[in-house]
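Each chain is listed here by its residues.
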Amino acid sequence: MAEKELAELLHLVGRRLRHGYVRRLEPIGLNPGQARALRVLADAAQPLRMVRLADELRIVPRSLTPVVDALESAGLVRREVDPASRRSTLVLITPEGRRLADRARHARREAGQELFAVLTEEQRDQLRDLLSLVEEQFG
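Residues numbered from 1 in each chain as written. Predicted model: local features only at pLDDT ≥ 70, side-chain atom pairs only at ≥ 80, totals over all residues. Heavy atoms only, no water.

Participant: What exactly am I supposed to notice about the nonpolar core here?
Facilitator: Where a protein is soluble and globular, its nonpolar side chains tend to be buried together. Grouped together as the largest cluster of nonpolar side chains are 28 residues, with contacts concentrated most on Leu 25, Leu 30, Leu 38, Leu 53, Leu 64 and Leu 71. Residues in contact with Leu 53, not counting those within four places in the same chain, are Ala 37, Val 40, Leu 41, Leu 48, Leu 64, Val 68 and Val 91. (Core = buried A, V, L, I, M, F, W, Y, C linked by side-chain atoms within 4.5 Å. Buried < 20%, exposed > 50% of the residue type's maximum accessible area, 1.4 Å probe, protein only. Contact = heavy atoms within 4.5 Å.)

What follows is the structure, given as structure tokens:
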């Protein structure tokens, strides 16, 4: 019973975090999927192939197409033919895309700070350590 309660609490807290994040993304014109894609592209050492970007986001490539279409329409990314493999498409982040990736990162940080403000710094560190321990079993 306690495990189910813990899972439900984690789900509820995660949902509140997502809602706070979405609320902060709306003014900058991004949804969470677009923000994640920009973050992955901004953190990449080089432009990524569409297939690699989909892998990084853990989605199927056909689900990535509308995300990249929207980002490209907004001038945040551009597509280029991969010179190493003419059948592959590279996704490159633009300077404006980098700027919005930074703003989205800040929005996520703010959402977390607001949500966890009720905890002391020591409690936040302890929660981070515990959640990291749980996550490490999968990686």
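From this point, the discussion proceeds with the structure in view.
Participant: Please explain the sheet that holds strand β3 (residues 89-93) as it appears in this structure.
Facilitator: Two pairing modes exist for strands in a sheet, parallel and antiparallel, and in both the strands are linked by backbone hydrogen bonds. Spatial strand order, β1-β3-β2: 3 strands in an open sheet with antiparallel pairing. The open sheet is flanked by β1 (48-49) and β2 (77-81), the only strands paired with a single partner. Where β1 and β3 come together, 2 bridges link them in antiparallel fashion. Bridge assignment links Leu 48 to a residue of β3, and that residue is Val 91. Across the sheet, helix α2 (residues 32-43) is in contact with β1, β2 and β3; its angle to β3 comes to roughly 90°. With respect to the sheet, helix α4 (residues 61-73) is in contact with β2 and β3, its orientation differing from that of β2 by roughly 115°. (Pairing = 2+ DSSP bridges. Helix = DSSP H or I, 4+ residues; strand = E, 2+ residues; numbered from the N terminus. Axes fitted to C-alpha atoms, helices over the stretch in contact; angles between N-to-C directions.)

Participant: I tried to follow the layout of surface pockets on my own but got confused; where do I start?
Facilitator: It is a probe the size of a water molecule, rolled over the atoms, that shows where empty space is left. One number sums up the size of the largest pocket: a volume of about 960 Å³. What lines the largest pocket is a set of 22 residues, and nearest its centre among them are Leu 10, Leu 17, Phe 116, Leu 127 and Leu 131. Residue assignment for the lining of the largest pocket shows that the elements contributing at least two residues are α1 (2-25), α5 (95-115) and α6 (121-136). If you tally residues by element for the lining of the largest pocket, the top one is α1, at 8 residues. By residue class, the composition of the lining of the largest pocket is 14 nonpolar, 3 polar and 5 charged. Every residue along the wall of the second largest pocket is listed here: Gly 14, Leu 17, Arg 18, Tyr 21, Val 22, Pro 32, Arg 36, Arg 39 and Arg 108. (1 Å grid on protein atoms, 1.4 Å probe; cavity = no way out; pocket = protein on both sides within 12 Å on 5 of 7 lines; lining within 4 Å. Points joined across faces, edges and corners; volume = space filled by probe spheres on them. Nonpolar A, V, L, I, M, F, W, Y, C, P; charged D, E, K, R; others polar.)

Participant: Even after reading the chapter, I still don't get the side chain of Gln 34, so can you show me in this structure?
Facilitator: Relative to the helices and strands, Gln 34 is located in helix α2. Those residues in contact with Gln 34 that sit more than four places away from it in its chain are Gly 29, Val 67, Ala 70 and Leu 71.

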